[in-house]
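Coordinate inspection notes
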Amino acid sequence: MPIIGLDLGSHGFRAVEMEEQKGNVILRRYGCYDNPKLNLTTNAQADLDAYSAALKDFFLELSFTTPNVIVPLPESEVFTRVIQLPHMSEKELRSSIAFEAEQYIPIPLKETNFVFQILDPDPTNKDKMNVLIVAAKHTVLNKYVGLLKKAGLTPRSLEPETLSIGRILGDTVNKPSASIILNVGTLDTQIIVSYKGHVRFTRSVAVGGDSFTKAIEQGLGFDYVQAEEYKKTYGLDEKQADGKVFAAIKPVFDQILSEVRRSRIFYTTHNPNVIINRLIISGGSALMPGLLFYVANAMDLEVEMANPWRNIQFIKALEPQKEKLIDMGPLYVTAVGLALKELKDNNG
């Protein structure tokens, strides 16, 4: 049965329709839509209705075959944390998790939905195990479920965006290789440490694609639309546009790289047995020209652009678009990771 990974952005969305056939994951349809007039960050009903209407039109236009979707919750709207607890069975943890979670979740538990997952023994303390706690306010969940249903869609599941990103770009238990994933979104950027098949650490930085556009706007005296176009055309390529676009974006982007360095030091200091050598870049703003080259020169890490299609097959009709899809891969990471959650849950 097909499922749609639907990545809801501030001003648009990306979707992939995938299904499992004979052990293979197949991409059947995909698409994206952006409109600066859309606004998902508000709670104003008129804005949410406009977003739902655009979503409904998008699904009709691309002829998706199922209304079943799985969507992400932005890091700013959800609480995730890995905590250390004494070893116990899942049944024992289930009866005590509310008390444990209450100590870490900064909002009353009765106002949230929360789930947990036992990860593995803590490598620095053999008497403890690592447990992931995820919590979201009822009001946030109701907002997303409401706008999806208004668009005629059936939400099968919601999960933190960082978990879907980690699922598709992280390492595995069998082949552990600690990585930092840098997901550069529109309004913010997520820094994710993935190790042994699990998200271990997340940090959100309030700098994203909009910040770059506004820096060009102010630096070069453009309006927003023109600045956005210059960002997409020249980005961090110092040789283009006399280096002016590069000069406008660089100090803003460097804030993100500073946070990556801090996150790496923080995590490896608390987990001295883990060595992080790899940085994977994803998100729509990852497609800026020159970004990969700039990051590779600025960081003492192996740097690569995200490719969510590595273990995914395409239907015959999409084969001619394979190169384009690989180039646009960073844009579809969250959507693919979401779809894989449902497919993995249903098939093992």
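Residues numbered from 1 in each chain as written. Predicted model: local features only at pLDDT ≥ 70, side-chain atom pairs only at ≥ 80, totals over all residues. Heavy atoms only, no water.

The helix and strand tally for the chain stands at ten helices and 14 strands. Principal axes of the C-alpha set define a box for the chain whose edges measure 60 × 45 × 45 Å. When burial is assessed residue by residue, the chain has 50% of its 348 residues classed as buried. Nonlocal contacts in the chain, meaning residues at least 24 apart in sequence, comprise 66% of its contacts between residues at least 6 apart. (Helix = DSSP H or I, 4+ residues; strand = E, 2+ residues; numbered from the N terminus. Buried < 20%, exposed > 50% of the residue type's maximum accessible area, 1.4 Å probe, protein only. Contact = heavy atoms within 4.5 Å.)

The next thing to look at is the nonpolar core. Nonpolar side chains tend to gather and get buried jointly when the protein is soluble and globular. Membership of the largest hydrophobic core comes to 60 residues, with the highest contact counts inside it found for Leu 6, Leu 8, Val 16, Met 18, Leu 27 and Leu 55. The greatest single-element share of this core, amounting to seven residues, is contributed by helix α10 (residues 333-346). (Core = buried A, V, L, I, M, F, W, Y, C linked by side-chain atoms within 4.5 Å.)

We now examine helix α3 (residues 138-150). Taking 1.5 Å of rise per residue, 13 residues should cover 18 Å, and α3 covers 18 Å from first to last C-alpha, within 8% of that figure. Buried within α3 are the following residues: Val 140, Leu 141, Lys 143, Tyr 144, Leu 147 and Leu 148. Seen along its axis, α3 keeps its buried residues to an arc of 160 degrees; they face one direction. More than 90 degrees from the buried face of α3, the exposed residues found are Thr 139, Asn 142, Lys 149 and Lys 150. Taken together, the buried residues of α3 touch β1 (3-8), α1 (45-62), β4 (68-73), β6 (112-121), β7 (128-137) and β8 (154-160). Directly after α3, the chain includes Gly 152, whose backbone phi takes a positive value near 80 degrees. (Expected span 1.5 Å × (residues − 1). Arc of directions from axis to C-beta.)

On inspection of all chains with the given rule, the structure shows 17 salt bridges. Note that Asp 7 and Arg 14 form a salt bridge whose closest N and O atoms lie 3.3 Å from each other. Using a relative accessible area of 10% as the deciding quantity, one classes Arg 14 as buried. Here Lys 231 ties to Glu 228 by a salt bridge, and the two come within 3.3 Å at their closest N and O atoms. Here Lys 231 pairs with Glu 228, and both are found in helix α6 (residues 224-234), just three residues apart, close to one helical turn. Residues participating in the shared-partner salt-bridge network are Asp 7, Arg 14 and Asp 34. (Salt bridge = Lys/Arg side-chain N within 4 Å of Asp/Glu carboxyl O.)

The next point concerns the sheet that holds strand β9 (residues 179-184). Strand order across the open sheet formed by five strands is β11-β10-β9-β12-β13, with mixed pairing between neighbours. Of all strands in the sheet, those bounded by a partner on one side alone are β11 (198-205) and β13 (302-305). Here the strands of the sheet are splayed against their neighbours by 20 degrees on average, with no regard to which way each runs. Looking at chain direction, strand β10 (residues 189-195) and β11 are connected through seven bridges and run antiparallel. (Pairing = 2+ DSSP bridges. Axes fitted to C-alpha atoms, helices over the stretch in contact; angles between N-to-C directions.)

The next thing to look at is helix α5 (residues 209-220). For α5, built from twelve residues, the straight-helix expectation of 16 Å at 1.5 Å per residue is met to within 8% by its first-to-last C-alpha distance of 17 Å. Once α5 ends, the next one or two residues include Gly 221, with phi positive near 70 degrees.

This paragraph deals with the packing of helix α7 (residues 244-270) against helix α8 (residues 291-298). Interhelical geometry of α7 versus α8 gives an angle of 50 degrees and a closest axis separation of 11 Å. It follows that α7 is oblique to α8 by the angle criterion. As α7 runs across α8, the sense of the crossing is right-handed. Facing Phe 246, Lys 250, Phe 253, Asp 254, Leu 257 and Arg 261 of α7, the residues of α8 in contact are Leu 291, Tyr 294, Val 295 and Ala 298. (Parallel < 35°, antiparallel > 145°, perpendicular 65-115°, else oblique. Left-handed = near helix turned anticlockwise from the far one by under 90°.)

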